[in-house]
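# Chains, contacts and geometry: an overview
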Amino acid sequence: KRIITFCLCLITLFSGVATAGCSPEKSANAKYQISCELIDRTLKATQTVEFINNSDNVVDELKFNLFANAYRKDATYSPVSAQYLSRAYPNGINYGNMVINHAKVDDKNADFDIKGVDQNVLVVKLEKSIYPDEKVKVFLDYTVNLANVVSRTGYNASTINLANFYPILCAFD
């Protein structure tokens, strides 16, 4: 429970840091609420993201980075460079991943796809378009299977690292 409390504190801290450089006339466009439980190096989590469309565009889908999928067995781009493989994987190469179990938009079941070369982008379809200054709530239920790796997201003999363990809204361009 201390690990989870610590993680939630870090998420709160870094969500504020991430918006610190935003212009004063536009507030942060997303608020995250995450609840998770770590059991035998598997993280089971639910997350609600309140997205506010601060752009001048209409939004029909939301995309999230799934950084934990960089540790998948068939990943094209390894999160660890070849020269550091033996240090990062002291017990041999090991794999992890993120599985999205369920998605809802404004309390209704939502369709979603996993895309990207490394299955690292979650695309959640919105039932109705979100116009500028409108908001929507997205609920996600997911599981992160941690790799035995000394890296940003994984575990080893002495630590559990949970950097970017949760689906993070992609930057809007």
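Summarised in this report is the structure supplied together with it. (Residues numbered from 1 in each chain as written. Predicted model: local features only at pLDDT ≥ 70, side-chain atom pairs only at ≥ 80, totals over all residues. Heavy atoms only, no water.)

## As for the pairing of strand S8 (residues 135–145)
Pairing of strand S2 (residues 42–52) with S8, which is carried by 11 bridges, proceeds in the antiparallel orientation. By the bridge assignment, glutamate 50 is partnered in S8 with lysine 137. Sheet topology note: the strand S4 (residues 97–105)/S8 ladder contains eight bridges and is antiparallel. Looking across to S8, one finds that asparagine 97 is bridged to asparagine 145. (Pairing = 2+ DSSP bridges. Helix = DSSP H or I, 4+ residues; strand = E, 2+ residues; numbered from the N terminus.)

## Focus: the packing of aromatic side chains
Under the counting rule described, the total for this entry stands at two aromatic pairs. Note on tyrosine 32 and tyrosine 166: the rings are 5.6 Å apart at their centroids and 75 degrees apart in plane angle, and the pair reads as edge-to-face. Taken together, the residues tyrosine 32 in strand S1 (residues 30–39) and tyrosine 166 in the loop between strand S10 (160–162) and strand S11 (168–169) connect sequence positions 134 residues apart. According to the relative accessible area criterion, tyrosine 166 is buried, its value standing at 15%. (Phe/Tyr/Trp six-rings, centres within 6.5 Å; stacked < 30°, edge-to-face > 60°. Buried < 20%, exposed > 50% of the residue type's maximum accessible area, 1.4 Å probe, protein only.)

## Structural notes on unusual backbone geometry
You will see that aspartate 107, though not glycine, has its phi angle at about 70 degrees, which is positive. One can find aspartate 107 in the loop between S4 and strand S5 (108–109). Taking relative accessible area as the criterion, aspartate 107 reaches 72% and is therefore assigned exposed. Positive phi is not limited to glycine here, since asparagine 164 has a value of about 55 degrees. Turning to its location among the elements, asparagine 164 is positioned in the loop between S10 and S11. Residue class for asparagine 164 comes out partly exposed when judged on its relative accessible area of 30%.

## Observations concerning the environment of phenylalanine 64
On the secondary structure map, phenylalanine 64 appears in strand S3 (residues 59–65). Classification of phenylalanine 64 as buried rests on a relative accessible area of 0%. Counting along the chain gives 60 residues from phenylalanine 64 to valine 124, while the straight-line C-alpha distance between them is 8.2 Å. Every residue in contact with phenylalanine 64, bar those within four places of it in the chain, is listed here: Gln47, Val49, Asn120, Val121, Leu122, Val124, Val138, Leu140, Pro167, Ile168, Leu169 and Cys170. (Contact = heavy atoms within 4.5 Å.)

## As for the nonpolar core
Core analysis: the largest hydrophobic core is formed by 33 residues, its most contacted members being Leu62, Phe64, Val124, Leu140, Tyr142 and Phe165. Within the residue set of this core, elements represented by two or more residues are S1, S2, S3, S4, strand S7 (121–130), S8 and S11. No other element matches S8, which puts five residues into this core. Apart from residues no more than four positions distant in its own chain, tyrosine 142 is found in contact with Ile34, Leu43, Lys44, Ala45, Gln47, Met98, Val99, Ile100, Asn101, Phe165, Tyr166 and Pro167. Within the second largest apolar cluster, seven residues are counted, among which are Ala70, Tyr71, Ala88 and Tyr89. (Core = buried A, V, L, I, M, F, W, Y, C linked by side-chain atoms within 4.5 Å.)

Worth remembering: the numbers are spatial, not functional.
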